[in-house]
Every structure is written in structure tokens, then in C-alpha cells.
Amino acid sequence: MTPSRSEAARIGWVVLALAAAATLPWIGSSYYLALGVTIATFTVLATSWAIFSGPTHYISLATAAFYGVGTYTTGLLIETMPYWSILAIAGLIGAAGAALVGLATLRLSGVYFVIFTLGLAEFVRQVLTWVQNLTGQKGIYVLTQITEAQIYWQLVGLAALVWLAGWLIGRSRLGFALRIIGDDEEVARHSGIDTAMAKVLLFMIPGAAAAMTGAILAPRFVYIEPAVAFSPMLSFQVVIMALLGGTGRLWGPLVGVIPFTFLWEAISSSFPNQTTLLLGLTFLLIVYLLPRGFVGLFLDLRQHGGGTFRRAGA
Amino acid sequence: MTDGGGMDIIITGLVLGGTYALIAMGLNLQYGMARIMNLANGEVLVVGAFVAFWLYTAGQVSPLLTLFVVAPLAFALNWLIYRFMLLPLVRRAKSQGQLEVDSILVTFGLSFVGVGLMLAFFGGDYFSYSYLARPVRIMGETYGLNRIVAFLGAVVIGGLLYLWLERTRPGRAMRAIAVDPKSARLVGIDVPRMSALAFALGGTITAMGGALLSTYLTLDASTGVLFTLKALVIVIMGGVGDLRGTIVAALLLGLLETFVAAWIDPGLTLAAAYLLFVLILLFRPQGLFGRKA
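Residues numbered from 1 in each chain as written. Chains lettered and ligands numbered in written order. Predicted model: local features only at pLDDT ≥ 70, side-chain atom pairs only at ≥ 80, totals over all residues. Heavy atoms only, no water.

1. Notes on the overall build of chain A
Consideration 1: In terms of helices and strands, chain A carries 16 helices and two strands.
Consideration 2: Its C-alpha atoms give chain A principal-axis dimensions of roughly 60 × 45 × 45 Å.
Consideration 3: Put simply, chain A has 314 residues, and 49% of those count as buried.
Consideration 4: Counting only contacts in chain A whose residues sit at least 6 apart along the sequence, the fraction spanning at least 24 positions is 78%. (Helix = DSSP H or I, 4+ residues; strand = E, 2+ residues; numbered from the N terminus. Buried < 20%, exposed > 50% of the residue type's maximum accessible area, 1.4 Å probe, protein only. Contact = heavy atoms within 4.5 Å.)

2. Section: the overall build of chain B
Consideration 1: Looking only at helices and strands, one finds 11 helices and two strands in chain B.
Consideration 2: Listed N to C, the secondary structure of chain B is α-α-α-α-β-β-α-α-α-α-α-α-α in terms of helices and strands.
Consideration 3: Against the globule reference of 19 Å for 293 residues, chain B gives a C-alpha radius of gyration of 19 Å, in line with a compact fold.
Consideration 4: Oriented by its inertia axes, the alpha-carbon framework of chain B measures out at about 55 × 45 × 35 Å.
Consideration 5: The buried share of chain B, reckoned over its 293 residues, is 56%.
Consideration 6: Counted over contacts in chain B with a minimum sequence separation of 6, partners at least 24 positions apart contribute 76%.
Consideration 7: Counting only carbon and sulfur atoms, one obtains 67% of the accessible surface of chain B, whose full area is about 12400 Å². (Rg over C-alpha atoms; globule rule 2.2 N^0.38 Å. Areas by Shrake-Rupley, 256 points an atom, 1.4 Å probe, with all protein chains shown as cover.)

3. As for the UniProt feature "transmembrane region" (unreviewed entry) in chain A
Residue and element names in this part refer to chain A.
Consideration 1: Feature annotation in UniProt places "transmembrane region" (unreviewed entry) on residues 31-52, 59-78, 84-104, 111-131, 151-170, 200-221, 251-271 and 277-301, given in this structure's numbering.
Consideration 2: Within the segment residues 111-131, helix and strand shares are 95% and 0% respectively, and the terminal C-alpha atoms sit 30 Å apart.
Consideration 3: Measuring from the first to the last C-alpha atom of residues 200-221 gives 31 Å, for a span that is 100% helix and 0% strand. (UniProt positions renumbered as here; feature names shortened; annotations may be inferred.)

4. Observations concerning the interface of chain A and chain B
Consideration 1: Chain A puts 38 residues into the contact, and the matching count from chain B is 43 residues.
Consideration 2: Counting the surface lost from both chain A and chain B, the interface buries some 3500 Å², and carbon and sulfur atoms represent 80% of this.
Consideration 3: Considering only the side of chain A, the residues that lose the most area to chain B are I115, L118 and Y288 of chain A, jointly responsible for 18% of the buried surface there.
Consideration 4: Across the contact surface, chain A and chain B share zero salt bridges.
Consideration 5: Linking chain A with chain B are nine residue pairs in polar contact (both at pLDDT 80 or more), by the criterion used here.
Consideration 6: Among the elements of the structure, helix 5 (83-105), helix 6 (110-118), helix 7 (120-135), helix 13 (232-245) and helix 15 (275-289) of chain A are those that each provide at least two residues to the side of chain A that touches chain B. (Buried area = accessible area lost by both parts, 1.4 Å probe. Salt bridge = Lys/Arg side-chain N within 4 Å of Asp/Glu carboxyl O. Polar contact = N/O pair within 3.5 Å; in protein donor to acceptor, adjacent residues only side chain to side chain.)

5. Overview of unusual backbone geometry
Consideration 1: Positive phi outside glycine occurs at V222 of chain A, with the angle close to 65°.
Consideration 2: The residue V222 of chain A is located in the loop between helix 11 (195-221) and strand 2 (223-224) in this model.
Consideration 3: The backbone of Q60 of chain B shows a phi angle near 55°, a positive value even though the residue is not glycine.
Consideration 4: With respect to the helices and strands, Q60 of chain B occurs in the loop between helix 2 (41-59) and helix 3 (63-92).

6. A closer look at the pairing of strand 2 (residues 141-144) of chain B
Residues and elements named next belong to chain B.
Consideration 1: Bridge analysis of strand 1 (residues 135-138) against strand 2 gives four bridges, and the strand direction is antiparallel. By the bridge assignment for strand 2, V136 is matched with Y143.
Consideration 2: Connecting strand 1 to the next strand, strand 2, in antiparallel fashion are two residues, including M139 with a positive phi near 50°. (Pairing = 2+ DSSP bridges.)

7. Details of the UniProt feature "transmembrane region" (unreviewed entry) in chain B
All names here are of chain B.
Consideration 1: Feature annotation in UniProt assigns "transmembrane region" (unreviewed entry) to the following positions: residues 6-27, 39-58, 64-82, 103-124, 144-165, 195-217 and 270-289.
Consideration 2: Between the C-alpha atoms that bound residues 6-27 there is a distance of 31 Å. The span itself is 95% helix and 0% strand.
Consideration 3: The span residues 195-217 carries 83% helix and 0% strand; its end-to-end C-alpha distance comes to 32 Å.

8. Looking at the side chain of E43 of chain B
All names here are of chain B.
Consideration 1: Relative to the helices and strands, E43 is located in helix 2.
Consideration 2: In this structure, E43 is buried with no salt-bridge partner, the nearest side chain bearing the opposite charge being K230 at 13 Å.
Consideration 3: Excluding residues within four positions of it along the chain, E43 makes contact with S111, G114, V115, M118, G224, V225 and T228. (Lys, Arg positive; Asp, Glu negative; His and termini not counted.)

9. Quick word on the packing of aromatic side chains
Aromatic ring pairs: the centre-centre distance and the angle between the two ring planes describe each pair.
Consideration 1: Tallying each qualifying case throughout the model produces 27 aromatic pairs over all chains.
Consideration 2: Where F116 of chain A meets Y274 of chain B, the ring centres are 5.0 Å apart and the plane angle is 90°; that geometry is what we call edge-to-face. Of the two residues, F116 of chain A sits in helix 6 while Y274 of chain B sits in helix 11 (residues 269-283), which places them in two different chains.
Consideration 3: According to the relative accessible area criterion, F116 of chain A is buried, its value standing at 7%.
Consideration 4: Joined through ring pairs, the aromatic side chains of F50, F53, Y56, F122, F127 and Y129 of chain B make up one cluster.
Consideration 5: When the ring centre of F84 of chain B is taken as reference, the NZ or CZ atom of R83 of chain B above it lies at 5.4 Å.
Consideration 6: Against the face of F227 of chain B rests K230 of chain B, its NZ or CZ located 5.4 Å from the ring centre. (Phe/Tyr/Trp six-rings, centres within 6.5 Å; stacked < 30°, edge-to-face > 60°. Lys NZ or Arg CZ within 6 Å of the ring centre and 35° of its normal.)

What follows is the structure, given as C-alpha cells:
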């Protein structure tokens, strides 16, 4: 399949936008660069989350687990391995871990998967803490020459990779199978689709992407310990941003990430002690008022020319 | 607590499992009967524990008396949550799958609201108090009296719930909506009202379990999710809607967790839950006593 003309134009725009995003370290202050890192981080996490959870409707709460594993991969290997190979190793570990979780749970109904992912970050954290106690180690120092700008560029590059993966999947047989699964799993199974295998393959994408994000960001922490690397808040933030943007289109999570990052900045600077509460309330508002996110709103507006907002289907 | 021997671990494990059984029965009422997957269940537990802690440290009120305060409060709170936050989802859902996704999202959000509120009111510190911290000898080994009392409290509450479900008309109606909500409507059961009741009752049971647990466990505002996870694993393992299975699964988890804590590391509380969960997923996804669908 070769891209059509409108597709080619769209690809051109995406490349231009990415190039424009990549100039941020030269034009923005360090404050904006830090914001840029946050936005790029959550764009990778939320977009890869939506690639899996959008079509399958399985809600993954495991982002923090894979992210933490990636952070630790860098921490443990940085002294002995070349940096670039660490990112690849983190991606492989994330994908393999996701495959294991998927093989155990995705053959069954979505509830088992949600429960399994709910405590996964905490479970991995407990095991790591236990291993650290056995070896007498407390935390790990990650001392590198990597600058904030380089971290930012890596994350933008990773975001481009995630989009590319999502776009290719959408055009592939797997993407076609997933659309059928999303509409009606029973139908998909009867037409000979191995639904469990399709879901396991797809879940490896957010697993790998979150692990690589953690690996890229590890030098920023300087000192890694389990409580920092496995923050449960991270999984929650990713779900909120992806749902705010909407999972129906590849660009959806991005339009959730950008406003939410600014909102989050405002919340955490004005109400530093109430972040958990306000985050929870924001999330409830989104679930009740914008169940399909900005993407749903956009599609409704386009379809009805600004008419009714309510439309069936998720 | 334990010196790594045999009998004391078994009794400590069964005592812990007994309290887990009560909490998981609460969750099973919510998930099995009211069909709401409640990821905020653990926060309700911690609220129950907080009230017990607060009344004990402020007014020396016995946690056993506190149960009578916690129960109506938790019932009202959970009924309101069902009526105003979950019933709209039940009404707008076109399928069981959609309701599942929506209720998971909403209760996940609620769990963060719950943690946030507790952080705002009580702060992030661990809390514990010393109630009945006297040794009691059973079969040559010593145990904390508070653990034994909490266990007996769980047995009494769980037993009453079981009798109510098995022997009374509303109890039977509740079991009917667990089996088949559509047919339950046909025989004249008010399903939305029964579901609200099941949800509220489930939250009440869990909150009372929290008050009992607080007599011997140290908790903080964000520990709720651990109990949610354990209760979910117990419910899946015992079979959704099956109280007998819930009790057996809870005792197994209590035993395994105590073994892990005594022989490997007390910090690995979730390892036992995940081990059981993986075994169940691989070999008996329909639950211990469930039949294959």
C-alpha cells in the first residue's frame, strides 16, 4: 500500500510539526524546556496507552510498572553498557514483560487484566525493595553527561516512533483485526481472528514505550529509588490525559496531554497538598462530561456541523 | 509475632484471612450482586480504620463500639455513591462490558478522590494505636489479643451477613440479582433498589473490616489500593457472587501471606496475592468452585 495524496500531505505536516517541536531547546528558556520534557513524556505514554486501550477497551493501569522497570534498567546498566543499547534493552524488557502479563490475563475478560495491572507497579516495587534489602543497596546514582535538551530530543523521537507504529498498525491486518475486535469480539472470534494474540501483541507497544521513557528519563533523576521510580500517580495521569484527548484517533492523546500539563502545573503550584484530590475530581469530570474526549467532541462537531453533541457509541 | 515455626504461622494466617474474608465479602456484594467493579473499595476500608483510630485516640472509644458508628456512616456514603455516581452509568450503559469500563474508570477516580480527602484531613502519616495489645496463649503459642478479637468480630459480622443472605427474603432477592438481573425483574424484584442496597451493604462490611483491621495493622491514607487488590484477587479466586468460595480464598491468602512474611520478607505483602492470582488465571479462571462457562 502506498500512501494516497492526502495522506502524503498529512505525513508532511506531521514531519514539519515534529521539526518545529525539536527546535524548542534553542528558542525556549529552561522552564519551557522542562515543560516540553513533561509534554513529550506524557505524549509517548498516553499515545502508546491509547494504541492498546482505545480499540480493545481494556484499561491498563500498569504504566508506572513498565516506566519504573525502564528507569532501573538505565540505573543498573549505565556503568557497563553503551547508552544507546540500554534504551533498546529497556524496550525489549518492557515488551517481554507486557507479553507475560498479556499471556496470563488477555485470554480472559478485561476485568482480570485491570486487576492485574492495578497492583503491578506496587508489586514490582516491593520485589525490587526486597532485592535491594538482600544486597544491602539503598538506591542507585545515575551520573551522566546527558543534558535536558538531549533528553527532550530523545522523547520527541520516541513519540514519532510511537505515532509511526500506531499508523502502521492502523494500515495493517492487525489493525483491521483490532477494529473488528473493538466492534464485537464475538464476531472477530468467529471470523477466525486470534483475539488473545492480537491483544498481547498490541499490549507490547505501551509496555516497550513506557520502559523506554523511564530509561530516557533516568539520568534526570540522578538518584533512583523504588518509591520515585514506581509512583502510582503516573499510571493515573496517563489514563486521564489519554481519555481527555480521546482514543479514537492517533492525535487524540496529544490534545489531552498539552492542556492537562498546563492545568497540572497550575494545580501543583497553587495547591501542592491537594494534588491527588484535584486530580481525582478532574478525572471524574472528564469521565462524566467528555466520555470520548476531545476527539469525540471534534467528530461530533464535524458530523453535525455544530448540532447535537450527544451521539451513541464509545 | 512469629518465630518461623509452624502452628503459630497457621493460626496467625487464619486470623488474618478471617478479616480478609470479611472485606472481600463486602467487595463481592458490590461486584457479584450490584455488578459494580469497585476500585475504591480499599479507600472505604481505610476510612473505617481512620474513624476507629480517631475515636480511640480522641475519646478512648473501643473499636468494637466504633463499628456501630462506622456501619451507618459507610452505608449512607456508599448508598449516595451508588445513587448519584454509579446509577447514571448503569442507565447509560448499553452492555455489561460498557458498564464495566465506565465503573472501573469512575471508581478508579473515586479512589484518588478518597486518598486526596484523607490526605487533606489526616495527613500522610502512618497511624496506629494500641488496643488490647495483650498477649493471649493458644495451644502453647502467644498471640496479640487484638488480632483474636478482630477475627471474632469478623466471624460474627460475616456470619450474620451469611444468615441474612441465606434465610431472609431480601437476602434471597439479592442472591437472585447476582444470578440473573433480567429474570429477577420478571419475578418482581426491584433490581435498581436491590443493587443500591447490595452496594451500600458491601461498603458497610468493608468499612467495618477496616475498623477491625486497624486494631492491629498500621495503615496510612494511600494503603487502600493494596486491600482493593487483595480483595479483588480473593473474589476472583473464590468465584464472583460465591460467599463460600470467598471465605476459603481469603483464608488461603491470609495463610500464604503470613508464610511469605515469616519466611521471606514482611515487605512482600503483595507477592502472595500475585502468586495466587497467576495460579488462578492459569488453572481455574472460573474460580475455586466455579463451573466452566
